[in-house]
Protein chains: 2
Amino acid sequence: MNNQALYKISYGLYVVSSKKGEKINGQIANTVFQITSEPPTLAVSINRNNLTWEYIKDSGIFTASILRRDTPLPFIGNFGFKSGRDINKFEKIGYKTGSTGAPVVTDNTVAYMEARVKNTFDMGTHTIFVGEVVDADVLSGEPVMTYEYYHEVKRGTTPKSAPSYIKKEDK
Amino acid sequence: MNNQALYKISYGLYVVSSKKGEKINGQIANTVFQITSEPPTLAVSINRNNLTWEYIKDSGIFTASILRRDTPLPFIGNFGFKSGRDINKFEKIGYKTGSTGAPVVTDNTVAYMEARVKNTFDMGTHTIFVGEVVDADVLSGEPVMTYEYYHEVKRGTTPKSAPSYIKKEDK
């Protein structure tokens, strides 16, 4: 089996955010996808060790911001390679409180969706949360960041906690 | 709510195939994504009215071929806008029988995965099948087809049965 094949799947790059009481957090995700159009539902796959997982479990709400192609690497690093257990990821980030009460990152964002969790599917290391989209908007006409662009042009890397992590020896 | 936001999510373009007894079928899908890396699992979202849905339900097997960016529109039309109930979609198509016994489309294919269904999640109009990847290979180093490229450059359209279908009045 050649694991490289899985690396050819196309993804975007997103900040998935949630809240727990007054606390907010967000993380980089690449697995965000629409499941049905009527009603519009959105699925995200989140590692159960991540703080955002705990927040989504608690509040039953998540938002997803679709990142612009020119999103700077430090911005991605802030959400992707740090933990909200150690820092306040939103400290220097432009965001708004969405209609669900969860944070919506607006910096470097082409469009966003807010969703209320309808189904939670435990998949071992990761959980698929499927939510009904309750609000959404487009903020910019800029091209979006694809996972391929992030890797090939931006030379970005993937943390171990991502669904699509590939061990170095497999690359 | 601006449904256009959902249209900014990134996808690839795939032929998802399966079998039922001696019969084989496949269809275009854009929602194919990895859920976990250990073990490697793959999710697909399939409309329950589609013949491929019935075949995956029956055999518990699916394959996904990741299409090349230069895949001709008639090839996509054969798998995306026709039903295996009316025609044999594989009649003039290069494919092989995978290690699971299901067909793997090899024409216009950059890479493919074969998966055995572990979980089936009913989402109304669509079902999410999550399978453990049991075989995979890369066939070509060509760039892959993204859903955005299919729409914007190839001027491809989306059938009503797709998860990401947007009504004309919403566009």
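Up top is the structure these notes are about.
Residues numbered from 1 in each chain as written. Chains lettered and ligands numbered in written order. Predicted model: local features only at pLDDT ≥ 70, side-chain atom pairs only at ≥ 80, totals over all residues. Heavy atoms only, no water.

What follows deals with the overall build of chain A. A tally of helices and strands in chain A yields 3 helices and 9 strands. If you list the helices and strands of chain A from N to C, you get β-β-β-β-α-β-α-β-β-β-β-α. On C-alpha atoms alone, chain A measures out to a radius of gyration of 15 Å, which is about the 16 Å that the 2.2 N^0.38 rule sets for 171 residues. When the backbone C-alpha atoms are referred to their principal axes, chain A occupies close to 45 × 35 × 30 Å. Taken over 171 residues, chain A has a buried fraction of 54%. Residue pairs at least 24 apart in sequence account for 65% of intrachain contacts in chain A once pairs closer than 6 positions are excluded. For chain A, the accessible area works out to roughly 7100 Å², and carbon and sulfur atoms hold 44% of it. Separation of charge centres in chain A, based on 21 positive and 18 negative side chains, amounts to 6 Å. (Helix = DSSP H or I, 4+ residues; strand = E, 2+ residues; numbered from the N terminus. Rg over C-alpha atoms; globule rule 2.2 N^0.38 Å. Buried < 20%, exposed > 50% of the residue type's maximum accessible area, 1.4 Å probe, protein only. Contact = heavy atoms within 4.5 Å. Areas by Shrake-Rupley, 256 points an atom, 1.4 Å probe, with all protein chains shown as cover. Lys, Arg positive; Asp, Glu negative; His and termini not counted. Charge placed at Lys NZ, Arg CZ, Asp CG, Glu CD.)

For these two chains of identical sequence, chain B goes onto chain A by a turn of 180 degrees and a shift of 0.0 Å along the axis, with RMSD 0.0 Å. Within this description, the copies of the chain are treated as partners about a two-fold rotation axis. Taking C-alpha positions as the reference, the residue of chain B nearest the rotation axis is tyrosine 11 of chain B, at 2.8 Å. An overlap of 100% is found between the interface residues of chain B and their copies at the interface of chain A, pointing to a shared contact surface. (Least-squares fit on C-alpha atoms with pLDDT ≥ 70 in both.)

Okay, the pairing of strand β9 (residues 126–138) of chain B next. Residues and elements named next belong to chain B. In terms of strand pairing, strand β4 (residues 40–47) meets β9 through 7 bridges, oriented antiparallel. Within β9, the position partnered with alanine 43 by the bridge is valine 130. Across 12 bridges, strand β8 (residues 109–123) lies against β9 in antiparallel orientation. Across the sheet, residue phenylalanine 121 finds its bridge partner in β9, namely isoleucine 128. (Pairing = 2+ DSSP bridges.)

What follows concerns the environment of valine 15 of chain A. Residues and elements named next belong to chain A. With respect to the helices and strands, the residue valine 15 is situated in strand β1 (residues 14–20). Among the residues examined, valine 15 registers a relative accessible area of 0% and is labelled buried. Excluding anything up to four places from it in sequence, valine 15 contacts Gly26, Gln27, Ile28, Thr63, Ala64, Ser65, Leu67, Phe75, Phe79 and Val105.

Before going further, it helps to examine empty space enclosed by the protein. Considering all chains together, one arrives at 2 cavities of 30 Å³ or more under this definition. Its volume calculated, the largest cavity comes out at about 50 Å³. Lining the largest cavity, in full, are Ser10, Tyr11, Asn30, Thr31, Val32 and Phe33 of chain A together with Ser10, Tyr11, Asn30, Thr31, Val32 and Phe33 of chain B. Classifying every residue of the lining of the largest cavity gives 6 nonpolar, 6 polar and no charged. In this structure, the second largest cavity spans a volume of roughly 30 Å³. Considering the residues around the second largest cavity, the lining is formed by Leu6, Tyr7, Ile9, Tyr11, Tyr147 and Ser164 of chain B. Residues of the lining of the second largest cavity, tallied by class, amount to 5 nonpolar, 1 polar and no charged. (1 Å grid on protein atoms, 1.4 Å probe; cavity = no way out; pocket = protein on both sides within 12 Å on 5 of 7 lines; lining within 4 Å. Points joined across faces, edges and corners; volume = space filled by probe spheres on them. Nonpolar A, V, L, I, M, F, W, Y, C, P; charged D, E, K, R; others polar.)

The next thing to look at is the interface of chain B and chain A. The interface of chain B with chain A comprises 49 residues on the first partner and 49 residues on the second. Carbon and sulfur atoms make up 66% of the surface buried where chain B meets chain A, a total of about 4100 Å² over both sides. Along the contact surface separating chain B from chain A lie 0 salt bridges. The interface formed by chain B and chain A contains 10 residue pairs in polar contact (both at pLDDT 80 or more). Mapped onto the side of chain B that touches chain A, the elements with two or more residues apiece are β3 (32–37), β4, β8 and β9 of chain B. Counting residues per element, the side of chain B that touches chain A draws most heavily on β9 of chain B, which supplies 9 residues. (Buried area = accessible area lost by both parts, 1.4 Å probe. Salt bridge = Lys/Arg side-chain N within 4 Å of Asp/Glu carboxyl O. Polar contact = N/O pair within 3.5 Å; in protein donor to acceptor, adjacent residues only side chain to side chain.)

Time to look at unusual backbone geometry. If a residue is not glycine, its phi is most likely negative; likewise, a peptide bond is most likely trans. Residues and elements named next belong to chain A. Of note, the amide linkage connecting glutamate 38 to proline 39 takes the cis form, showing an omega dihedral of -5 degrees. As for its position among the elements, proline 39 is in the loop between β3 (32–37) and β4 (40–47). Its identity as a non-glycine residue notwithstanding, asparagine 108 has a phi of 55 degrees, on the positive side. Within the secondary structure, asparagine 108 sits in the loop between β7 (103–105) and β8 (109–123).

Residues and elements named next belong to chain A. The full count for this structure, using the stated rule, is 10 salt bridges over all chains. Here arginine 48 ties to aspartate 122 by a salt bridge, and the two come within 3.3 Å at their closest N and O atoms. One end of the pair, arginine 48, is in the loop between β4 and α1 (51–59); the other, aspartate 122, is in strand β8, with 74 residues separating them in the sequence. The partner of aspartate 70 in a salt bridge is arginine 68, with the nearest N and O atoms 2.9 Å apart. For aspartate 70, a relative accessible area of 42% corresponds to the partly exposed category. A single salt-bridge network, built from bridges that share partners, covers Lys20, Glu54 and Arg85.

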